[in-house]
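# Per-entry structural report
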Amino acid sequence: DEFAFGYCSSLGPEIRLLSVKHIGKRAFTDCTNLRKVSIGFMTGIGEWAFGGCRSLTIYAPRDSSAEGYAYRHDIDFVATRR
């Protein structure tokens, strides 16, 4: 959902969202300790879902919505197997 974990400074440094189908808008916004998120092949990521996560790297399958999100928001991206 939107803002599900927003502003949760104690979340992190790593989370895995391998069976999640969609991440809501601003779901993890300003989770400042979040450094690595592993994402499976999902249907979509809401805008600014990881806004303010300054040191974040997204690990997800190539050509996924997570890859597109990472590039649109200038977030480091590492391709994983599907």
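Now for a look at the structure at hand. Since the model is a prediction, treat every value here as computed from it, not as a measurement. (Residues numbered from 1 in each chain as written. Predicted model: local features only at pLDDT ≥ 70, side-chain atom pairs only at ≥ 80, totals over all residues. Heavy atoms only, no water.)

## Section: the overall build of the chain
- Secondary structure assignment for the chain yields 1 helix and 6 strands.
- The helix and strand sequence of the chain, counted from the amino end, reads β-β-β-β-β-α-β.
- Its C-alpha atoms give the chain a radius of gyration of 11 Å, within 12% of the compact-globule value 12 Å for 82 residues.
- Within the span of the chain, comprising 82 residues, buried residues form 43% of the whole.
- Here the analysis covers contacts within the chain between residues at least 6 apart in sequence; of these, 12% occur between residues at least 24 apart.
- Entry remark: accessible area of the chain is about 4800 Å², with carbon and sulfur atoms responsible for 48%.
- Averaging the coordinates of the 11 positive side-chain charges in the chain and doing the same for the 9 negative ones gives two points 5 Å apart. (Helix = DSSP H or I, 4+ residues; strand = E, 2+ residues; numbered from the N terminus. Rg over C-alpha atoms; globule rule 2.2 N^0.38 Å. Buried < 20%, exposed > 50% of the residue type's maximum accessible area, 1.4 Å probe, protein only. Contact = heavy atoms within 4.5 Å. Areas by Shrake-Rupley, 256 points an atom, 1.4 Å probe, with all protein chains shown as cover. Lys, Arg positive; Asp, Glu negative; His and termini not counted. Charge placed at Lys NZ, Arg CZ, Asp CG, Glu CD.)

## Quick word on the pairing of strand β3 (residues 36-39)
- Pairing of strand β1 (residues 14-17) with β3 involves 4 bridges; the strand directions are parallel. Of the residues in β3, the one forming a bridge with Leu17 is Ile39. (Pairing = 2+ DSSP bridges.)

## Concerning the sheet that holds strand β6 (residues 76-80)
- Pairing in this open sheet of 4 strands is parallel, and the strands run β1-β3-β5-β6 from one edge to the other. Edge positions in the sheet fall to β1 and β6, since each has one partner strand and no second. Strand-to-strand twist of the sheet, defined as the mean angle between neighbouring strand axes without regard to direction, takes the value 15°.
- On the sheet, helix α1 (residues 65-72) packs against β3, β5 (57-61) and β6 and is oriented at approximately 150° with respect to β5. (Axes fitted to C-alpha atoms, helices over the stretch in contact; angles between N-to-C directions.)

## What to know about the packing of aromatic side chains
- Overall, the coordinates contain 5 aromatic pairs when judged by the stated rule.
- Relative to Tyr69, the ring of Phe50 has its centre 6.0 Å away and its plane inclined at 70°; by these criteria the two rings are edge-to-face. Residue Phe50 is found in the loop between β4 (44-45) and β5, and its partner Tyr69 is found in helix α1; the two are separated by 19 residues along the sequence. Here the two residues Phe50 and Tyr69 agree in accessibility, since each one is buried.
- Through a chain of ring-to-ring contacts, the aromatic side chains of Phe5, Phe28, Phe50 and Tyr69 assemble into a single cluster. (Phe/Tyr/Trp six-rings, centres within 6.5 Å; stacked < 30°, edge-to-face > 60°.)

## Details of the environment of Gly51
- The residue Gly51 is located in the loop between β4 and β5 in this model.
- Residues in contact with Gly51, not counting those within four places in the same chain, are Phe28, Thr29, Asp30 and Tyr69.

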